[in-house]
Amino acid sequence: MLASVNINLGRKLVRNWKDKGKSGAATDPEDTSSRYRPGDLQALALSTKFTRREIQFFYRGFKQECPSGNIDEDGFREIYAKFFPFGDSNQYAHLLFNVLDKNQSGSISFDDFIYGLSTLIKGSTEDRLAWTFSLYDVNNDGFITEDEMLQVVGAIYRLIDTTQSDHVSPEERGQDLFTKIDANHDGIITLEEFMTYCSKDATIMSGLDMYNLMWET
Amino acid sequence: MASVAAWLPFARAAAIGWVPIANNPLPAPPIPKDKRRADDEKLVINVSGRRFETWRNTVEKYPDTLLGSNERDFFYDEDTKEYFFDRDPDIFRHILNYYRTGKLHYPKHECLTSYDEELSFFGIIPDVIGDCCYEDYRDRKRENAERLLDDKMSENGEGNLVKLTNLREKMWRAFENPHTSTAALVFYYVTGFFIAVSVLANVVETVECGNLPGKKEPLPCGERYEVVFFCLDTACVMIFTAEYLLRLFAAPDRCKFVRSVMSIIDVVAILPYYIGLGITDNDDVSGAFVTLRVFRVCRIFKFSRHSQGLRILGYTLKSCAKELGFLVFSLAMAIIIFATVMFYAEKKVKGSTFTSIPASFWYTIVTMTTLGYGDMVPSTAMGKLVGGVCSLSGVLVIALPVPVIVSNFSRIYHQSQRTDKRKAQKKARLARIKLAKASSGAAFASKKKASEARLAAQEAGLELDGHKEDDIFEMQHHHLLRCLEKTTNLYHNVENGHEEELREIQIGDLEKSTPTGQHRVHLNAPSGAPLPAEGRQNAGSLATISQLGGGEPSPPAADDNNVTGYMRISTL
């Protein structure tokens, strides 16, 4: 009986180990057993509120760039860099990658991609702000520290031509913003503080309106 | 940019991260006028019957090519709602793959020029060929260019045949290409003969000829028949000197000629003789005189002008200089090593032939080349061991650079053979081309006559039944040429050789097509423009035909112009 228990245990362990490998990460490009297949189109359409055609369009583009079904950070950075030829997009791409890669597996599958996109395009203002909060929250601990804020602001400024010197440096801007958002001045920003600030600030609200406009068509 | 068009929505979505830190209000987004999503549309591209379908997005990835820009609208077929290209579908496959994957591949089985043509038609520059295929493409392009250059050069070389009238240039060409004239050929063979005679005389000079009466030892022929050999030598040297001076005179660039290898060989061949004449029978210098005779053997190198194989061999050795250098260097290294070891191994042996290291060099060389004369043999066990290793390594060291030299020789030899073959084929090819041109010229002339007759008949208001179904293009073309003739008062002319048969054919046709007897009378009556069998100027017959119509006769001035100022058109 002990032997059978051992065998079962062994089998479970092997299965676990295999499943881990199958969760979507394809670190070894030759390992075809861990090739990624997206979920059912219908289910995706229902859960992400995109139409079938839209999901098809996105998937085709996704698959064109990463035929294996997963994209790792380097590939993601390359693609993102194509949109910002004048600056250094690596930092911001890194931040984006972290947000999209929910389970921290090191690669983004199509499901991650489409869910992220759905939140941004089809989600409500609260969802979008929550997503933005998690973008700023680099280490995913639920709070934004000043360092994280500076990191994000610096990354954004680097997207544009880095040799230009603005009259306001990114550090100053970041600190300024941090102190503004951090209402109780405890050195960290929580989700509530973030939401409160964004809903009060006129510029941000108009920015969000513009953002909504982008997706109305 | 558009290659990641599907990701653009994501990039825009991710811009939400910038919203909190924005100082200024963000600009309004552009609203597409056309609500329909353009990226969902498929294009059908029909290339010579084979249909390719792709997303509009795919081809718009590269907007500076034909397919990606408005230029493709020129090829849009409204009836079938597809883009039609009358091009090669096999190569188009690769071009479309370029749009799909971003990499342009070059198929090895396709001809380079046709591929290049397709690329230039579709507006794609060859530089975007992917790394996997780029080298192959470059190599073939270079080969092609070299071949074209070769052809052009040889064409130019032969094309200049008619132009040179200068004596000097004629002589130079005669020297370089013996096949251009009989005199050159004669000269070529005479010099060849004398080279052979000279070399043979040098050889026979040293053979033992039998005894002179009163002498004990047999004499070499050179000393027995001294006068004969001297006369022979003089004659040969005369010929060679004359040849050299003539070449020097005819050379277009004298300095370059003097520095060239062949001229140096010529000089070395004849100089010993003159130096020998100058030297008296002094004992001191007679040794030097004997040495000079050795240089007479250089005459044999003069054969390289006569033999292409020899030239190729020389050229090969020159081009393999690096390999030969490596061979010599490695041999030298090995020789020194083994000679040293042998010397110290055999030093203790009494009466050993290995007296010094340089003396051991001889043994090493003989062993490494596996000659093994046996004049120097090791006696100690150590020496024998080293000798064995020496001979084995010799085989290896010599065998290594030899295949490189052989392959070089083979390549150059085949190249020169191909050039020769092409030259020979070129003559046949030119003859065939000329024939084709002539026949097309004849066809053109006959058609021209037919249409002119028809036009003339039309002018006269005749009805031509049995109207031949000539296509409208030909008729318009001839009408155009006729307008030109009328404008300039000159007439088109064709090669004299063909006109007789053509004229007779035309007359025969005209007889069939013109029913009225009146015209037949005109035809048969030689009205100042007879129908001779001899090659008369065409103008006369044209005048006849134009008078056939009965309309205004060709102006007399035109007649004179016909004869004197006719225009030769190149047959199309």
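Within each chain, residue numbers correspond to sequence positions counted from 1 in written order. Just so you know, chain letters begin at A and ligand numbers begin at 1, following the order they were written in. Given that the model is predicted, a residue must reach a pLDDT of at least 70 before its local features are reported, and side-chain atom pairs must reach 80 or more before they are shown or counted; all residues, however, enter totals for whole chains, interfaces and linings. By convention in this description, side-chain values take in all heavy atoms of the structure and omit both hydrogens and water.

Caption draft 1: A look at the pairing of strand E2 (residues 50-55) of chain B. All names here are of chain B. Here a strand pair is declared whenever DSSP counts at least two bridges between the two strands. The numbering of helices and of strands both runs from the N terminus, where a helix is a DSSP run of H or I of at least 4 residues and a strand a run of E of at least 2. Note: strand E1 (residues 42-47) against E2, six bridges, orientation antiparallel. Directly across from Ile-45, in E2, lies its bridge partner Phe-52. Linkage of E1 to E2, two consecutive antiparallel strands, is achieved through a turn of two residues, within which Ser-48 is found at a positive phi near 50 degrees.

Caption draft 2: Quick look at the nonpolar core. A:Phe76, A:Tyr80, A:Tyr92, A:Leu96, A:Met149 and B:Trp7 are the most contacted members of the largest nonpolar core, which totals 61 residues. Definition of nonpolar core: a set of buried residues of the types Ala, Val, Leu, Ile, Met, Phe, Trp, Tyr and Cys, connected through side-chain atoms within 4.5 Å. Relative accessibility thresholds used throughout: buried, under 20% of the residue-type maximum; exposed, over 50%; partly exposed, between the two (1.4 Å probe, protein chains only). Of all hydrophobic cores here, the second largest spans 25 residues; its members include B:Val47, B:Leu66, B:Tyr83 and B:Leu112.

Caption draft 3: The arrangement of a nonpolar patch on the surface in detail. All names here are of chain B. Here a patch means residues that are over 30% exposed by relative accessible area and free of salt bridges, tied together within 9 Å if like-charged and within 5 Å if nonpolar (Val, Leu, Ile, Met, Phe, Trp, Tyr). Methods summary: accessible areas were calculated by the Shrake-Rupley approach with a probe of 1.4 Å, and residue burial reflects only the protein chains presented. A side-chain nitrogen of Lys or Arg and a carboxyl oxygen of Asp or Glu constitute a salt bridge if their distance falls within 4 Å. Judged by side-chain polarity, Phe-230, Met-238, Leu-271, Tyr-274, Ile-275 and Leu-277 come together as a nonpolar surface patch covering roughly 540 Å² of accessible area. Counting residues per element, the ones that place at least two in the nonpolar patch are helix H9 (226-250) and helix H11 (261-278). Classification of Tyr-274 by relative accessible area gives partly exposed; the value is 31%.

Caption draft 4: Representation of the interface of chain B and chain A. When checking whether two residues touch, look at their non-hydrogen atoms; a contact exists if any pair is within 4.5 Å. Each partner contributes to the interface: chain B provides 36 residues, whereas chain A provides 46 residues. Together chain B and chain A conceal approximately 3,700 Å² of surface at their shared face, both sides included; 73% is due to carbon and sulfur atoms. Joining chain B to chain A, the criterion identifies zero salt bridges. As used in this structure description, the phrase polar contact means that two N or O atoms lie within 3.5 Å; if the pair is within protein, one of them must be able to donate a hydrogen and the other to accept it, and residues adjacent in sequence are counted only when both atoms belong to side chains. The interface formed by chain B and chain A contains one residue pair in polar contact (both at pLDDT 80 or more). Counting residues per element, the side of chain B that touches chain A draws most heavily on helix H1 (residues 8-14) of chain B, at seven residues. When its residues are assigned to classes, the side of chain B that touches chain A shows 24 nonpolar, five polar and seven charged. Buried area counts how much accessible surface, traced with a 1.4 Å probe, disappears from two parts once they are put together, with both parts' losses summed. Just so you know the grouping, Ala, Val, Leu, Ile, Met, Phe, Trp, Tyr, Cys and Pro go in nonpolar, Asp, Glu, Lys and Arg go in charged, and all remaining residues, Gly too, go in polar.

Caption draft 5: Expanded view of the confidence of the model for chain A. Residue and element names in this part refer to chain A. pLDDT is a residue-level measure of predictor confidence that goes from 0 to 100. Summarising the model, chain A shows a mean pLDDT of 78, and 79% of its residues fall at 70 or more. Ranking the elements of chain A by mean pLDDT puts helix H1 (residues 2-22) last with 60 and helix H5 (residues 90-100) first with 88. Counting contacts from residues 21-33, a segment whose pLDDT is below 50, to residues more than four positions away or on other chains yields 12 contacts.

Caption draft 6: Molecular detail of empty space enclosed by the protein. Residue and element names in this part refer to chain B. Here a cavity is any set of points on a 1 Å grid over the protein atoms alone where a 1.4 Å probe fits but cannot get out, and a pocket is any open set with protein on both sides within 12 Å along at least 5 of 7 lines; a residue lines the site when it has an atom within 4 Å of a point. Grid points are joined across faces, edges and corners, and a volume is the space filled by probe spheres set on the points. Tallying each qualifying case throughout the model produces four cavities of 30 Å³ or more. Taken as a whole, the second largest cavity encloses approximately 50 Å³ of empty space. Around the second largest cavity sit Ser-198, Ala-201, Asn-202, Glu-205, Phe-229, Leu-232, Asp-233, Cys-236, Arg-296 and Arg-299, which together line it. Among the elements of the structure, helix H7 (182-205) and H9 are those that each provide at least two residues to the lining of the second largest cavity.

Caption draft 7: Representation of the pattern of salt bridges in the model. Residues and elements named next belong to chain B. Under the criterion given, the structure shown has 20 salt bridges over all chains. Between Glu-243 and Lys-302 there is a salt bridge, with its nearest N and O atoms 3.5 Å apart. Pair noted here: Glu-243 is in helix H9 and Lys-302 is in the loop between helix H12 (283-294) and helix H13 (308-319), with a separation of 59 residues, a long-range link. By the burial criterion, Glu-243 is buried, and Lys-302 matches it. As a salt-bridge pair, Lys-302 and Asp-266 come within 2.7 Å of each other at their nearest N and O atoms. Of the two residues, Lys-302 is situated in the loop between H12 and H13 and Asp-266 in helix H11; the sequence distance between them amounts to 36 residues. Asp-266 shares its class with Lys-302; the two are buried. When salt bridges that share partners are traced, they join Glu-243, Arg-247, Asp-266, Lys-302 and Arg-305 into one network.

Caption draft 8: The arrangement of the pairing of strand E4 (residues 82-85) of chain B in detail. Residues and elements named next belong to chain B. As judged from the three bridges shared by E1 and E4, these two strands associate in the parallel manner. In the sheet register, Asn-46 faces E4, and the bridge partner there is Phe-84. In the sheet, strand E3 (residues 76-77) pairs with E4 via two bridges, with the strands oriented antiparallel. In the strand pairing of E4, Asp-77 is matched with Glu-82. Joining the antiparallel neighbours E3 and E4 is a turn of four residues, in which Lys-81 adopts a positive phi near 55 degrees.

Caption draft 9: Summary view of the sheet that holds E2(B). All names here are of chain B. Taken together, four strands build an open sheet; the order of strands is E2-E1-E4-E3 and the sheet is mixed. Bordering the open sheet on either side are E2 and E3, each of which pairs with just one other strand. Lines fitted to C-alpha atoms define the axes here, with helix axes fitted over just the stretch in contact, and angles between the N-to-C directions of these axes take values from 0 to 180 degrees. Relative to E2, helix H3 (residues 89-101) is tilted by about 5 degrees, and along the sheet it contacts E1 and E2.

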